[in-house]
Amino acid sequence: MGSLTLHGLRPTILVLLSMNIGLPLQVISRERKQKLRERKVVVVDNFTYRREMRKAVVVAAMMTAAVAVATAVLWRHWKQESEGQWRKTRRILRKLARDCATPVSKLWVVADALVSDMNEAYTSQETTALNMLISYVSPLPTGDEEGLYYGLNLRGSNFLILRARLEGRDKSISEMHREEVSIPSSVMAGTSQELFNYIALELAKFISAHGMETNDSHDRQKALGFIVSYPVDQAAASSEAGKALASDLNRALENHGVNLRVSQLVEDAVGHLAGGRYQNRNTVAAITLGMATAAAYVEPKQALPENQSSSNKQWEMVINMDWGNFNSRHLPITEYDKCLDAESSNPGSRIFEKLISGMYLGEIVRRVLLKMAQEAALFGEEVPPKLRTPYILRSPDMAAMHQDTSEDHEVVNEKLIGIFGITDSTPFAREVVAEVCDIVAERGARLAGAGLVGIIKKLGRIENKKSAVTVEGGLYEHYRVFRNYMHSSVWEMLGNGLSDNIVIENSHGGSGAGAIFLAASQTEKLNS
């Protein structure tokens, strides 16, 4: 056989190809086409995926932008609303501060108006708004009285029985015993004689339990100091009515074998004046600053009206001054004070008391906060229901909020929760509450200081005499900022040159102790 060459084989290969003998090439061709199709699908899928992803990203971006825009709009709206509420709150606060302002010039105008009313009431034969009741309790204590003494403090639905030993000036009261006795409703509804019989019986029990002075002679009478406190009618402590009631009580004491005698019933402030005089001979006035307010001062005997009997002029006269009823167009009165007065049980009267006493300070603050809640949403969109309750805010709670020195006003927050049920107050709201308390308290304290200066001016003792004034009551004793504002007002009015001429002292012996000092001075008078 001859050899085959590639050239010779080519026709054979072509024949074989034409006869589909070449199967492996067709398979390869189909696999390549399948792979190409798969690759095309993958490419298409990748393209679709990227396109969908781009759409998702765009949609997400648009949604984010929309949320951002909406958030910005809401934030801007909230900010505008908050700023509007803040501006309204500040506007109310600024107006309150302006209406309550007590610059020194205003304080002097108020003091002069009080002096004018005192002079008119003192010399008038007719009843005036500013009652000036002459209490015949002189002689006042000298500070030399010593011994064991008893006192009574009638306080409305109860009374205090007191027993204490005095050991002379500059020495503390010792052996003090107090007993509070509730008055049964049946006795309260009865006659004054039934009341005094009940008091005499309880006093006899008290003396039996604690004992009398063993070295007292039986022929030596001892006085029983008797003072009446708010809410007892102050007319009961006036000269004639007081003497009549004292006579009824002495009859009851005698029937129960109690060797004590009452000279006269006097008002609380007179008792504190007696205590002040026992400790300091320069004491000329006493002021009560508690739930209510009262004042008493010593009028020189040469200043007594001509219609007073000569027997009265042998002593200094103590004037029980109803200064809570003082009123003047110069007093800084706000819209809140006017509403409070109109809705009170005694509209038009006791205006000075409604500005400076503990009964009303918290109520004024509540009314201001209610307006802020209604007009400026200080505590949220809804007005807290308890904020509408009159007299729910007491002056001790007001003092606690006012004197809160914590960084976030934590005490204010606690009081808002406990008193008004406000659980979500903002730091701004708590700061506003403290500021309202400050404005109201400052006005009340400075007006009380102006009244004090007015009394001393009436006595002509500002420029050339030392004067001591005794101040008593929970508002003065426990409300530190109020007390400081009162003192600073007196200093501002008198200046460096004259402010040392007035000394303000706290009362001695606590509640009802004035009765002990009156008993001491009156015992000396009974046995002289």
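Now for a quick tour of the structure. (Residues numbered from 1 in each chain as written. Predicted model: local features only at pLDDT ≥ 70, side-chain atom pairs only at ≥ 80, totals over all residues. Heavy atoms only, no water.)

Side chains carrying opposite charge are able to pair once their charged atoms draw close together. Scanning the entire structure with this criterion turns up 21 salt bridges. For K205, the salt bridge goes to E202, with nearest N and O atoms at 3.4 Å. Here K205 and its partner E202 are both found in helix α5 (residues 192–210), 3 residues apart, which amounts to about one turn of the helix. The partly exposed category is assigned to K205, whose relative accessible area is 47%. (Salt bridge = Lys/Arg side-chain N within 4 Å of Asp/Glu carboxyl O. Helix = DSSP H or I, 4+ residues; strand = E, 2+ residues; numbered from the N terminus. Buried < 20%, exposed > 50% of the residue type's maximum accessible area, 1.4 Å probe, protein only.)

This part takes up a positive patch on the surface. Residues R87, K88, R91, R94 and R98 make up a contiguous surface patch of positive charge. Mapped onto the elements of the fold, R87 is located in helix α2 (residues 23–99). R87 gets classed as partly exposed once you look at its relative accessible area, which sits at 44%. (Patch = residues over 30% accessible without salt bridge, like charges linked within 9 Å, V, L, I, M, F, W, Y side chains within 5 Å. Areas by Shrake-Rupley, 256 points an atom, 1.4 Å probe, with all protein chains shown as cover. Lys, Arg positive; Asp, Glu negative; His and termini not counted. Charge placed at Lys NZ, Arg CZ, Asp CG, Glu CD.)

Before going further, it helps to spend a moment on unusual backbone geometry. Unusually for a residue other than glycine, E175 sits at a positive phi of about 55°. Inspection of the secondary structure puts E175 in strand β4 (residues 174–182). Note on E175: relative accessible area 39%, which makes it partly exposed. Backbone geometry places Y391, a non-glycine residue, at a positive phi of 60°. Topologically, Y391 is positioned in the loop between α10 (358–376) and α11 (395–402).

Another point: helix α3 (residues 104–123). The end-to-end C-alpha distance of α3, which contains 20 residues, comes to 29 Å, matching closely the 28 Å that a straight helix rising 1.5 Å per residue would cover. Buried within α3 are the following residues: L107, V110, A111, A113, L114, V115, M118, A121 and Y122. (Expected span 1.5 Å × (residues − 1).)

Here we come to the pairing of strand β11 (residues 467–472). Each regular strand carries side chains that alternate between the two faces of the sheet. Of all 6 residues making up β11, 6 are buried, and the element is well covered by its neighbours. Residues S467, V469 and V471 line one face of β11 and the alternating positions A468, T470 and E472 line the opposite face, and both faces are buried. Where β11 meets strand β12 (residues 502–506), 5 bridges bridge the pair, whose relative direction is parallel. When the bridges of β12 are listed, V471 appears paired with N506. (Pairing = 2+ DSSP bridges.)

Time to look at the packing of α10 against helix α13 (residues 427–458). Packed helices, taken two at a time, are described by the angle their axes make and the gap between the axes. Following both chains from N to C, one finds α10 and α13 inclined at 140°, their axes separated by 10 Å at the closest point. Taken together, α10 and α13 sit at an angle that is classed as oblique. In the crossing of α10 with α13, the sense of the turn from one axis to the other is right-handed. Note on element contacts: α13 touches α10 through V432, V433, V436, C437, V440 and R443, opposite L361, I364, V365, V368, L369 and M372. Split into classes, the residues belonging to the contact of α10 with α13 amount to 11 nonpolar, no polar and 1 charged. (Axes fitted to C-alpha atoms, helices over the stretch in contact; angles between N-to-C directions. Parallel < 35°, antiparallel > 145°, perpendicular 65-115°, else oblique. Left-handed = near helix turned anticlockwise from the far one by under 90°. Contact = heavy atoms within 4.5 Å. Nonpolar A, V, L, I, M, F, W, Y, C, P; charged D, E, K, R; others polar.)

Two measures describe an aromatic ring pair: the distance that separates the ring centres and the angle between the ring planes. In total, this model carries 8 aromatic pairs according to the counting rule given. Relative to F352, the ring of W323 lies with its centre 5.3 Å away and its plane at 75°, an arrangement referred to as edge-to-face. In this pair, W323 sits in the loop between β10 (317–321) and α8 (335–342) while F352 sits in helix α9 (residues 351–356), placing the two residues 29 residues apart along the sequence. The structure contains a cluster of three or more aromatic residues connected by ring pairs, namely W323, F326 and F352. Lying across the ring of Y476, R483 places its NZ or CZ 5.9 Å from the centre. (Phe/Tyr/Trp six-rings, centres within 6.5 Å; stacked < 30°, edge-to-face > 60°. Lys NZ or Arg CZ within 6 Å of the ring centre and 35° of its normal.)

For the rest of this paragraph, the subject is the environment of N250. Mapped onto the secondary structure, N250 falls in helix α6 (residues 239–255). Measuring from C-alpha to C-alpha, the distance between N250 and V262 comes to 6.3 Å, with 12 residues separating the pair along the chain. Engagement of the side chain of N250 in a polar contact is seen with the backbone nitrogen of V262, the distance being 2.7 Å. (Polar contact = N/O pair within 3.5 Å; in protein donor to acceptor, adjacent residues only side chain to side chain.)

Bringing the side chain of D404 into the picture now. Residue placement: D404 occurs in the loop between α11 and α12 (410–420). This buried residue, D404, is left without a salt bridge; R430 holds the nearest opposite charge, at 7.0 Å. Excluding anything up to four places from it in sequence, D404 contacts H409, E410, V411 and V412.

So, about the nonpolar core. Residues W323, F379 and V436 are the most contacted members of the largest nonpolar core, which totals 87 residues. The greatest single-element share of this core, amounting to 16 residues, is contributed by α13. Excluding residues that lie within four positions of it along the chain, W323 makes contacts with L114, L130, I287, T293, A294, A295, F352, I356, A448, G451, L452 and I455. One finds Y198, L224, V258 and V262 within the second-largest nonpolar core, a separate group that totals 27 residues. (Core = buried A, V, L, I, M, F, W, Y, C linked by side-chain atoms within 4.5 Å.)

Turning next to the pairing of strand β8 (residues 283–289). Of all 7 residues making up β8, 7 are buried, and the element is well covered by its neighbours. The sheet contact formed by β8 and β11 spans 5 bridges and is parallel. If you follow T288 over to β11, its bridge partner there is E472. Pairing analysis gives 5 bridges linking β8 to strand β9 (residues 293–299), with the strands arranged antiparallel. Across the sheet, the residue bridging to T288 is A294, located in β9. In this antiparallel pair of consecutive strands, β8 and β9, the connection spans 3 residues.

For the rest of this paragraph, the subject is the sheet that holds β9. Taken together, 6 strands build an open sheet; the order of strands is β1-β10-β9-β8-β11-β12 and the sheet is mixed. One side of each edge strand has no neighbouring strand; the edge strands of this open sheet are β1 (132–135) and β12. Ignoring strand direction, the axes of neighbouring strands in this sheet form an average angle of 25°. Its contacts with the sheet place helix α7 (residues 268–279) against β1, β8, β9, β10 and β11, and it is angled at close to 135° to β8.

Looking now at the side chain of R446. Here R446 lies in helix α13. Relative accessible area serves as the criterion here: at 5%, R446 is assigned to the buried category. Of the polar contacts made by the side chain of R446, one reaches the side chain of T102; its length is 2.8 Å. In this view, R446 contacts T102, P103, V104, L107, Y485, S488, S489 and E492; residues no more than four positions away in its chain are not counted.

This paragraph deals with the packing of α3 against α13. Relative orientation of the contacting elements α3 and α13 amounts to 50°, with a least axis distance of 8 Å. When the axis of α3 is compared with that of α13, the two are oblique. Along this stretch, α3 crosses α13, giving a crossing that reads as right-handed. From α3, V104, L107, W108, V110, A111, D112, L114, V115, M118 and N119 reach across to α13, where they touch R446, L447, A450, G451, V453, G454, I455, K457 and K458. Grouping the amino acids of the contact of α3 with α13 by side-chain chemistry returns 12 nonpolar, 3 polar and 4 charged.

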